[in-house]
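Analysis of the macromolecular model
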Amino acid sequence: MRIGIVTGSGTYALPGFDGEARAVETRFGPARVSAGRFADIDVLHISRHGDGHARLSSAVTHQANISALKQLGADAIVAVTVCGATDPSLELGSLVVFDDLHFLANRLPDGSLCTLHTEVGMAGRGHWIFDGPFAEPLRAALLDAAREVGHPVRDGGCYGHVDGPRFNTRTEIGQLAGAGVTAVSQTAGPETVLAGEAEIPYALLGYATDYANGVKPEEPTPVEELVRLVGESTGTFARVLTGAVPRIAQADLEPVGTHFRFD
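Parameters at a glance
The residue numbering used here restarts from 1 in each chain and proceeds along that chain's sequence as written. A pLDDT threshold of at least 70 governs which residues receive local features in this predicted model, and a stricter bar of 80 or more applies before side-chain atom pairs are shown or counted, although totals over entire chains, interfaces and linings include all residues. As a rule here, side-chain values come from all non-hydrogen atoms in the structure, and water together with hydrogens is ignored. Here is the rule: rings of Phe, Tyr and Trp (six-membered ring for Trp) pair when centre to centre is within 6.5 Å. Planes less than 30 degrees apart are stacked, more than 60 are edge-to-face, and the remainder are tilted. Numbering of helices and strands starts at the N terminus; helices are DSSP runs of H or I of at least 4 residues and strands are runs of E of at least 2. Categorising residues by exposure relies on relative accessible area from a 1.4 Å probe, with only protein chains included: less than 20% of the type maximum marks a residue as buried, more than 50% marks it as exposed, and the intermediate range marks it as partly exposed. A pair is scored as a salt bridge if a Lys or Arg side-chain nitrogen falls within 4 Å of a carboxyl oxygen belonging to Asp or Glu. Angles here are taken between N-to-C directions and fall from 0 to 180 degrees, while the axes themselves are lines fitted to C-alpha atoms, restricted in helices to the stretch in contact. If an angle is under 35 degrees, it is roughly parallel; if it is over 145, roughly antiparallel; if it lies from 65 to 115, roughly perpendicular; otherwise it is oblique. Helix crossings get a hand from a simple test, with the near helix turned counterclockwise from the far one by less than a right angle marking a left-handed crossing and a clockwise turn marking a right-handed one. Residue contacts are counted whenever heavy atoms from the two residues lie within 4.5 Å of one another. Each nonpolar core is a collection of buried residues, namely Ala, Val, Leu, Ile, Met, Phe, Trp, Tyr and Cys, held together in the definition by side-chain atoms within 4.5 Å. We call Asp, Glu, Lys and Arg charged. Ala, Val, Leu, Ile, Met, Phe, Trp, Tyr, Cys and Pro are nonpolar, and the rest, Gly among them, are polar.

1. A look at the packing of aromatic side chains
For the coordinates displayed, the defined rule picks out five aromatic pairs. Aromatic pair Y207 and F237: ring centres 5.9 Å apart, planes at 65°, arrangement edge-to-face. Taken together, the residues Y207 in strand β12 (residues 202–211) and F237 in helix α5 (residues 223–249) connect sequence positions 30 residues apart. Exposure class is identical for Y207 and F237. Each is buried.

2. A short note on the pattern of salt bridges
Following the criterion strictly, the structure yields eleven salt bridges and no others. Measuring nitrogen to oxygen at the nearest pair gives 3.7 Å for the salt bridge that ties E119 to R27. Pair noted here: E119 is in the loop between β7 (100–102) and β8 (126–129) and R27 is in the loop between β2 (18–26) and β3 (29–38), with a separation of 92 residues, a long-range link. With relative accessibility at 46%, the residue R27 sits in the partly exposed group. With a shortest N-O distance of 2.8 Å, D87 and R154 are connected by a salt bridge. Residue D87 is found in the loop between β5 (76–85) and β6 (95–97), and its partner R154 is found in strand β9 (residues 153–155); the two are separated by 67 residues along the sequence. It is possible to trace a salt-bridge network through shared partners that takes in R37, D40 and D42.

3. Some thoughts on the packing of helix α1 (residues 62–71) against helix α4 (residues 188–197)
The interhelical angle for the contact between α1 and α4, taken along N-to-C directions, is 40°, at an axis separation of 10 Å. Viewed along their axes, α1 and α4 adopt a mutual orientation that is oblique. Read as a crossing pair, α1 and α4 show a hand that is right-handed. For the pair α1 and α4, the contacting residues are H62, Q63 and I66 in the first and P190, E191, L194 and A195 in the second.

4. Notes on the nonpolar core
By size, the foremost hydrophobic cluster in this structure holds 45 residues, and its most contacted members are V33, L69, I77, F98, Y202 and L204. Not counting the four nearest positions on each side in its chain, Y202 is found in contact with I77, A79, P133, F134, A135, L138, A188, E191, T192 and A195.

5. Some points on unusual backbone geometry
Across the junction of G164 and P165, the peptide omega takes the value 5°, indicating a cis bond. A positive phi angle, near 55°, is found at A39, a position not held by glycine. Within the element layout of this structure, A39 appears in the loop between β3 and β4 (41–47). Here A39 falls in the partly exposed class, since its relative accessible area comes to 28%. Its identity as a non-glycine residue notwithstanding, D40 has a phi of 65°, on the positive side. Residue position: D40 is located in the loop between β3 and β4.

6. Here we look at the packing of helix α2 (residues 136–148) against α5
In the contact formed by α2 and α5, the axes pass within 8 Å of each other and the chain directions differ by 140°. The orientation of α2 relative to α5 falls into the category oblique. Taken as a pair, α2 and α5 cross one another with a handedness that is right-handed. Contact with α2, carried on its side by L138, A141, L142, D144, A145, A146 and E148, involves V240, L241, G243, A244, R247 and I248 of α5 and no other residues of that element. Split into classes, the residues belonging to the contact of α2 with α5 amount to nine nonpolar, one polar and three charged.

Now the structure itself:
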């Protein structure tokens, strides 16, 4: 089994990972993928933003990233993201293993629709149909691993995708909170959808670094605290993934949902 790991802000290299990066050509352009071993399992690692956060969220090449993992034989993808809490009961520094998605726009950073089915009449085109967008065996592996290392983790929550690179207004965050969103960030919506279309089981682990705008108006999160927690997230993600990856390698995996295809 080969497991894809996608990391975001603050985690540009995966601690404990022995791998070599190379450019993988896809029909959506190149993606930089590191192949190697992590927790004694074959892993394919992608840093969304690249070294030094070269790509802001508005420049992440989601279609190329997921296509590259598909081409290289990824059997599953686990992704991590630092996020802003829209639920005031979510403790900063804690983890969330999301079980639902709010991504109404369904668009990529350049404004185009978020899909792998980009050509008229292309083979395999169709509609992804699902109940929950995240793979339950992967969610279970992440939860078990977080509990094993003793880190606070919430089982379930709605991930809200927002467009960057700016942060959101109080009104926007209030609307998302009213819709049931638990936490937001700027990259994982397209990943979830594209992995689903590619029939690769996918799960998302969030780390709360701040309370989003207006969530706690009496005590807004200082930028310095956000930056500190982004730095702390790297080690936490590495410890949880170290426990989760071997569990995923032993799991019985299937694509999430099904597809209504026309060809």
